[in-house]
Amino acid sequence: MDVNLGKLARYLRLLGFDTEWRNDLRDKEIVAVSTRKQRTILTRDRRLLFHREIRHGYWIRAVNPNLQAPEVLNRLDVWRNIRPFRRCALCNGLIQVVAKEEILDKLEPLTRKYYDEFYRCTGCGQIYWKGSHYDKLMKKLKSFRDHA
Ligand SMILES: [Zn+2]
């Protein structure tokens, strides 16, 4: 994904899609990564897709990330592949269930008190639980469906 699509990248990761995004990649590097790893390029910059080597790319029309997400899910036809909480929003790593005892020292007191089910990113170690972030994501997903 091109550097301007950070918010969309986070949404797609939270919905479970393998999404490579960094804010320091130049166009040439994005093209190289896409051909080497057979990834589809998503971009707001049409000129990026003019490179001859690109096999799969899509120019996103919407400017608002809340509309970009349903546009991409429609275009790539991947609604049925949505797996919330499968990938880390920060690093794209896979998320796995982790025992509460293992991460007790990393939890805030209220989180420790009210939640028992936790997940940890295998990439960066970020901890997730089905609290307010999860509820927000589910609301987001509903709004994406409404815009689809
Ligand atoms: Zn991570």
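Please read these numbers as outputs of a predicted model, since none were measured by experiment.

The next point concerns the overall build of the protein. The number of helices and strands found in the protein is six helices and five strands. Sequence-ordered secondary structure for the protein, helices as α and strands as β, is α-α-β-β-α-β-α-α-β-β-α. Dimensions of the protein, computed from the C-alpha atoms along their principal axes, are close to 55 × 35 × 25 Å. When each of the 148 residues of the protein is scored for burial, the buried share is 22%.

Spatial strand order, β3-β4-β5: three strands in an open sheet with antiparallel pairing. Looking at the sheet topology across the chains shown, the edges are occupied by β3 (95-98) and β5 (127-129). Geometrically, the sheet is characterised by an average inter-axis angle of 35 degrees between neighbouring strands, direction not taken into account. The pairing of β3 with strand β4 (residues 118-121) spans four bridges and is antiparallel.

What the domain assignment lists for the protein is domain 1 (6-81) and domain 2 (95-147). Contacts between domain 1 and domain 2 engage eight residues on the former and six residues on the latter. Within the residue set of the side of domain 1 that touches domain 2, elements represented by two or more residues are α1 (6-14) and α3 (65-75). The residue makeup of the side of domain 1 that touches domain 2, split by class, is seven nonpolar, one polar and no charged.

A few words on the nonpolar core. One broad rule of soluble globular proteins: the nonpolar side chains tend to lie buried together. Counting residues in each nonpolar core, the largest one holds 24 residues, and the members touching the most others are Met1, Leu5, Leu8, Ala9, Tyr11, Leu42 and Ala69. Of all elements in the fold, only α1, α2 (27-37), β1 (41-43), α3 and β4 reach the threshold of two or more residues within this core. Sorting elements by how many residues they give to this core places α1 first, with five residues. Structurally, this core is a two-domain feature, drawing no fewer than three residues from each of domain 1 (6-81) and domain 2 (95-147). Once residues lying within four places of it in the same chain are set aside, the contact partners of leucine 42 are Met1, Leu5, Tyr58, Ile60 and Val72.

Here we take up the packing of α1 against α3. Packed helix pairs are characterised by how far apart their axes lie and by the angle those axes make with each other. It is the contact of α1 with α3, at a shortest axis distance of 9 Å, that shows an interaxial angle of 50 degrees. Our classification of the angle between α1 and α3 gives oblique. The handedness of the crossing between α1 and α3 comes out as right-handed. Each of Lys7, Leu8 and Tyr11 in α1 lies in contact with α3, whose residues at this interface are Pro65, Gln68 and Ala69.

What follows is about α2. For α2, the set of buried residues is Ile30, Val31 and Ser34. All buried residues of α2 project into a common sector of 100 degrees when viewed along the axis, lining one side. Every exposed residue of α2 that faces more than 90 degrees away from the buried side is listed here: Lys28, Glu29, Arg36 and Lys37. In this structure, the buried residues of α2 make contact with β1. The positive-phi residue at the C-terminal boundary of α2 is glutamine 38, with phi of around 50 degrees.

Criteria and thresholds
Residues numbered from 1 in each chain as written. Predicted model: local features only at pLDDT ≥ 70, side-chain atom pairs only at ≥ 80, totals over all residues. Helix = DSSP H or I, 4+ residues; strand = E, 2+ residues; numbered from the N terminus. Buried ≥ 20, exposed ≤ 12 C-beta atoms within 10 Å, placed from the backbone. Pairing = 2+ DSSP bridges. Axes fitted to C-alpha atoms, helices over the stretch in contact; angles between N-to-C directions. Domains from an automatic or database assignment. Contact = placed C-beta atoms within 7 Å. Nonpolar A, V, L, I, M, F, W, Y, C, P; charged D, E, K, R; others polar. Core = buried A, V, L, I, M, F, W, Y, C linked by C-beta atoms within 7 Å. Parallel < 35°, antiparallel > 145°, perpendicular 65-115°, else oblique. Left-handed = near helix turned anticlockwise from the far one by under 90°. Arc of directions from axis to C-beta.

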